[in-house]
Amino acid sequence: MDYQKFYNEVVDWINTANQMAMKHGLDSMEFWNWVTYSTGEMGKKYNNHPLVIRQMVMLYEWLDDIYAAKEM
């Protein structure tokens, strides 16, 4: 696996997640549909490599934590 390529794509994903959050809002179905779909696609792209799965789960949980803190 090309780790440099993967982590460059993670940076791109985070930037896109920020753009999607600004466009749709953290509480929108559009945002969470995109998050769910794109994390799955990243896993598929890298043959569900365990590192990729763990990284994308961590990013999903990170966004979920931000959403939960916003709701308090």
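If you're wondering where the values come from, they're calculated on a predicted model, not measured in any experiment.

A. Summary view of a nonpolar patch on the surface. Together, Met1, Tyr3 and Tyr7 give the surface a local cluster of nonpolar side chains, amounting to about 280 Å² of exposed area. Looking at the secondary structure, you find tyrosine 3 in helix α1 (residues 3–24).

B. Geometry of the pattern of salt bridges. In this structure the tally under the stated criterion is two salt bridges. Note that glutamate 9 and lysine 45 form a salt bridge whose closest N and O atoms lie 2.9 Å from each other. With glutamate 9 in helix α1 and lysine 45 in helix α2 (residues 29–45), this pair connects stretches of sequence that are 36 residues apart. As a salt-bridge pair, lysine 44 and glutamate 41 come within 3.2 Å of each other at their nearest N and O atoms. One end of the pair is lysine 44 and the other is glutamate 41, both in helix α2 and three residues apart, which spans about a single turn. Owing to a relative accessible area of 56%, lysine 44 belongs among the exposed residues under this scheme.

C. Structural detail: α1. The terminal C-alpha atoms of α1, which comprises 22 residues, lie 31 Å apart, in line with the 32 Å expected from a rise of 1.5 Å per residue. The N-cap of α1, judged by a side-chain oxygen 3.3 Å from the amide nitrogen of glutamine 4 a few residues on, is aspartate 2. Looking one or two residues beyond α1, the residue adopting positive phi is glycine 25, at roughly 90°.

D. Here's a closer look at α2. Given a rise of 1.5 Å per residue, 17 residues ought to cover 24 Å, and the 24 Å separating the end C-alpha atoms of α2 matches this to within 8%. Within the span of α2, buried status applies to Phe31, Trp32, Trp34, Val35, Ser38, Thr39, Met42 and Gly43. Seen from one end, α2 has its buried residues packed into an arc of 160°, which puts them on one side. Residues Met29, Tyr37 and Lys44 are exposed on α2 and point more than 90 degrees away from its buried face. Where α2 ends, the next residue or the one after it, asparagine 47, has phi of about 55°, a positive value.

Conventions adopted
- Here the residue numbers are simple positions, counted from 1 along each chain's written sequence.
- Per-residue local features of the predicted model are confined to residues with pLDDT of at least 70, and side-chain atom pairs are confined, for both listing and counting, to 80 or more; whole-chain, interface and lining totals are unaffected and use all residues.
- Side-chain measures were taken over the full set of non-hydrogen atoms in the model, leaving aside hydrogen atoms and water.
- Excluding any residue in a salt bridge, patches collect residues exceeding 30% relative accessible area, merging like charges within 9 Å and nonpolar Val, Leu, Ile, Met, Phe, Trp and Tyr side chains within 5 Å.
- Only the protein chains shown count as cover for residues, and the accessible areas themselves come from Shrake-Rupley with a 1.4 Å probe.
- The rule for a salt bridge is simple: a side-chain nitrogen of Lys or Arg has to be within 4 Å of a carboxyl oxygen of Asp or Glu.
- Numbering of helices and strands runs from the N terminus; a helix is a DSSP stretch of H or I covering at least four residues, while a strand is a stretch of E covering at least two.
- Relative accessible area decides the class of each residue, using a 1.4 Å probe on protein chains only: under 20% of the type maximum gives buried, over 50% gives exposed, and in between gives partly exposed.
- In this scheme, a helix's expected span is set at 1.5 Å multiplied by one less than its residue total.
- Polar contact is defined as a pair of N or O atoms within 3.5 Å, subject to the rule that within protein one atom must be able to donate a hydrogen and the other to accept it, and that residues adjacent in sequence are counted only when both atoms are side-chain atoms.
- Summarising the geometry, the arc corresponds to the directions from the helix axis toward the C-beta atoms.

Function-wise, these values are silent; they only describe arrangement.
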